[in-house]
Amino acid sequence: MSTIELPIHASDSPDHSGPIEDGRALSLSGGGYRAMLFHLGALWRLNDLGMLQGLKRISSVSGGSITSAVLGLAWSKLAFAGGSAANFAELVVVPVRKLAGKTIDEGAIIKGALLPGSINERFAAALRKQLYGEATLQDLPDAPRFVINATNMQTGKLWRFSRPYMGDWTIGRVMSPTLALADAVAASAAFPPVLSPAVLKLKASDYFPGDTGENRKPEFMSQVVLADGGVYDNLGLETCFKRYRTLLVSDAGMRPEAEAKLAKDPVRQTVRVLEVADSQVRALRKRQLLGTYVAAERKGAYWSSTSDVANYPAKTQLSCPVDRTKQLAVVPTRLKKLPGELQDRLINWGYAICDTAVRSWVDSSLPAATKFPCAGGV
């Protein structure tokens, strides 16, 4: 069988160098509150289908990491029976929706600019207050493996946060890290140039002594400068791809719309450049991921906030007019309060398109969803 090369370094090498495993992994993209709620709907459907409990790994970036960390923190309390957890909505949906009803990016930026402490530290403090409390990476479960991804701006590589370790393959691993979960998520969602950087202060002795790497040097090990995981990999795919055969990918990334008149100030120009670059990198990863599906090198399903249910083989009983779903795909990439009705629509859309994609490409015998989980539709 031929091999399709992906623009993905074997960053799983510290904990995996063997053959691909027959396991199912889920990747959650970035995209602010839009992604946070869209992925929440997808997770809700996976739970209803009895597929959530069987996941081996959940890898995320940015807005996807906010939802993923809530799920990870609640995992031990989920009452799985018959494959699904009846208290999923109570333990996962409710806290995520509570956060979506608050604006946290503006406050972090203003306080970080005017008061002691960085913007990212203020962002982490808001996440700690609203969602994670004093939980650390050690409060995540052993299984499934939750991987929260950030970008190491010094090495240009992926920095991974997980319960067993955190690190960058070119520097090394910090084993059993006790970093606050809020700090890890804030690093993963440190969208530049406004919410970044997140800075970790470490010592050489914190790292596993047996690791080697081209950047295993004091200047890289003592102060780690991180930004949004989506800068490196907006799909959150890399940490799943090298290890597992079945890949489920939920993509809430936004395609930049054409703009005839562009802002001239440096901040908004930088944001525009990042949007365009992000869109192109995501499109490349998507095409090559789908190529591995076609070549039968990987199994799984890809769905996105820009998808059209009409393009999937499985028919849906849920009404998802493309003019309505397109509105949801362009909800701004912010951490700004969203009205309850818009929250409902984003969750419902993630639920519906996940249902359609999984029944199309993973298991056609699964029952079709007959109603949305939230009031109204999409």
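Small disclaimer: the values here were computed from a predicted structure and weren't measured.

For an α-helix, the turn length of 3.6 residues means that residues three or four places apart are oriented alike. The terminal C-alpha atoms of helix α3 (residues 88-100), which comprises 13 residues, lie 17 Å apart, in line with the 18 Å expected from a rise of 1.5 Å per residue. At Val-94, α3 shows its largest bend, some 25°, and a proline, Pro-95, comes one to four positions later. Those residues of α3 not exposed but buried are Phe-88, Val-92, Val-93, Val-96, Leu-99 and Ala-100. On the buried face of α3, the contacting elements are α1 (32-48), α2 (63-74), β4 (84-85), α5 (119-132) and α12 (340-361).

So, about the pairing of strand β2 (residues 57-61). Counting buried residues in β2 gives five out of five residues, a clear majority hidden from the surface. Of the two faces of β2, the one lined by Arg-57, Ser-59 and Val-61 and the one lined by Ile-58 and Ser-60 are each fully buried. Across four bridges, the pairing between strand β1 (residues 21-28) and β2 is parallel. Counted as the bridge partner of Ala-25 is Arg-57 from β2. Chirality of the crossover, the property in question, places the unit of β1, α1 and β2 among those that are right-handed. In this sheet, strand β5 (residues 145-152) lies alongside β2 in parallel orientation, the contact comprising five bridges. What sits directly across from Ser-60, in β5, is Ile-148.

Moving on, we come to the confidence of the model for the chain. Here the chain averages 91 in pLDDT, while 94% of its residues score no lower than 70. Below a pLDDT of 50 lies the segment residues 1-16, which in the model reaches 47 contacts outside its immediate sequence neighbourhood of four places, other chains included.

All chains considered together, the criterion is met by four aromatic pairs. Relative to Phe-80, the ring of Trp-75 lies with its centre 5.2 Å away and its plane at 50°, an arrangement referred to as tilted. Centre to centre, the rings of Trp-75 and Phe-146 are 6.0 Å apart; their planes meet at 70°, and the pair counts as edge-to-face. Pair noted here: Trp-75 is in the loop between α2 and β3 (80-81) and Phe-146 is in strand β5, with a separation of 71 residues, a long-range link. Judged by its relative accessible area of 10%, Trp-75 is buried.

Packing of α1 against α12 brings their axes to within 7 Å, and their N-to-C directions diverge by 50°. Considering the angle they form, α1 stands oblique to α12. Crossing of α1 over α12 shows right-handed handedness. Where α1 approaches α12, its residues Arg-34, Leu-37, Phe-38, Leu-40, Gly-41, Ala-42, Trp-44, Arg-45, Leu-46 and Asp-48 are matched on the opposing element by Gln-343, Leu-346, Ile-347, Trp-349, Gly-350, Tyr-351, Ile-353, Cys-354, Asp-355 and Val-358. Tallied by class, residues from the contact of α1 with α12 come to 13 nonpolar, three polar and four charged.

With that settled, the discussion passes to the nonpolar core. Among the nonpolar cores identified, the biggest contains 94 residues, and Leu-71, Tyr-132, Phe-161 and Trp-303 are the most heavily contacted of them. In terms of nonpolar packing, the next biggest core, distinct from the first, is built from 11 residues, Leu-235, Leu-237, Tyr-244 and Tyr-293 among them.

With that settled, consider a positive patch on the surface. Together, Lys-98, Lys-102, Lys-111, Lys-129 and Lys-337 make up a positively charged patch on the protein surface. Along the polypeptide, Lys-102 turns up in the loop between α3 and α4 (105-114). Residue Lys-102 is classed as partly exposed on the basis of its relative accessible area, which comes to 33%.

Quick look at the side chain of Asn-152 now. Its place among the elements puts Asn-152 in strand β5. A polar side-chain atom of Asn-152 sits 3.4 Å from the main-chain amide nitrogen of Thr-155.

The next thing to look at is the environment of Leu-40. Tracing the chain through its elements places Leu-40 in helix α1. What makes Leu-40 buried here is its relative accessible area of 0%. For Leu-40 and Gln-138, which are 98 residues apart along the polypeptide, the C-alpha to C-alpha distance reads 23 Å. Those residues in contact with Leu-40 that sit more than four places away from it in its chain are Thr-67, Phe-88, Val-92, Val-93, Val-96, Arg-97 and Ile-347.

Right, let's get into the environment of Met-221. Inspection of the secondary structure assignment puts Met-221 in helix α7 (residues 218-221). Its relative accessible area of 5% is what places Met-221 among the buried residues. C-alpha separation for the pair Met-221 and Lys-201, spaced 20 residues apart in sequence, amounts to 8.6 Å. The contacts of Met-221, once residues within four sequence positions are left out, are Ile-171, Leu-202, Ala-204, Tyr-207 and Arg-216.

To continue, consider the pattern of salt bridges. What the rule picks out here adds up to 12 salt bridges. Linking Asp-22 and Arg-245 is a salt bridge whose minimum nitrogen-to-oxygen distance equals 2.6 Å. Of the two residues, Asp-22 is situated in strand β1 and Arg-245 in strand β11 (residues 244-251); the sequence distance between them amounts to 223 residues. Taking the relative accessible area as the measure of exposure, Asp-22 reaches 68% and is therefore exposed.

Here is what the cut-offs are and how they apply
Residues numbered from 1 in each chain as written. Predicted model: local features only at pLDDT ≥ 70, side-chain atom pairs only at ≥ 80, totals over all residues. Heavy atoms only, no water. Helix = DSSP H or I, 4+ residues; strand = E, 2+ residues; numbered from the N terminus. Expected span 1.5 Å × (residues − 1). Bend = angle between axes of the 7 residues up to and from the residue. Buried < 20%, exposed > 50% of the residue type's maximum accessible area, 1.4 Å probe, protein only. Contact = heavy atoms within 4.5 Å. Pairing = 2+ DSSP bridges. Right-handed = clockwise from strand over helix to strand, strands pointing away. pLDDT = per-residue confidence, 0-100. Phe/Tyr/Trp six-rings, centres within 6.5 Å; stacked < 30°, edge-to-face > 60°. Axes fitted to C-alpha atoms, helices over the stretch in contact; angles between N-to-C directions. Parallel < 35°, antiparallel > 145°, perpendicular 65-115°, else oblique. Left-handed = near helix turned anticlockwise from the far one by under 90°. Nonpolar A, V, L, I, M, F, W, Y, C, P; charged D, E, K, R; others polar. Core = buried A, V, L, I, M, F, W, Y, C linked by side-chain atoms within 4.5 Å. Patch = residues over 30% accessible without salt bridge, like charges linked within 9 Å, V, L, I, M, F, W, Y side chains within 5 Å. Areas by Shrake-Rupley, 256 points an atom, 1.4 Å probe, with all protein chains shown as cover. Salt bridge = Lys/Arg side-chain N within 4 Å of Asp/Glu carboxyl O. Lys, Arg positive; Asp, Glu negative; His and termini not counted. Charge placed at Lys NZ, Arg CZ, Asp CG, Glu CD. Polar contact = N/O pair within 3.5 Å; in protein donor to acceptor, adjacent residues only side chain to side chain.

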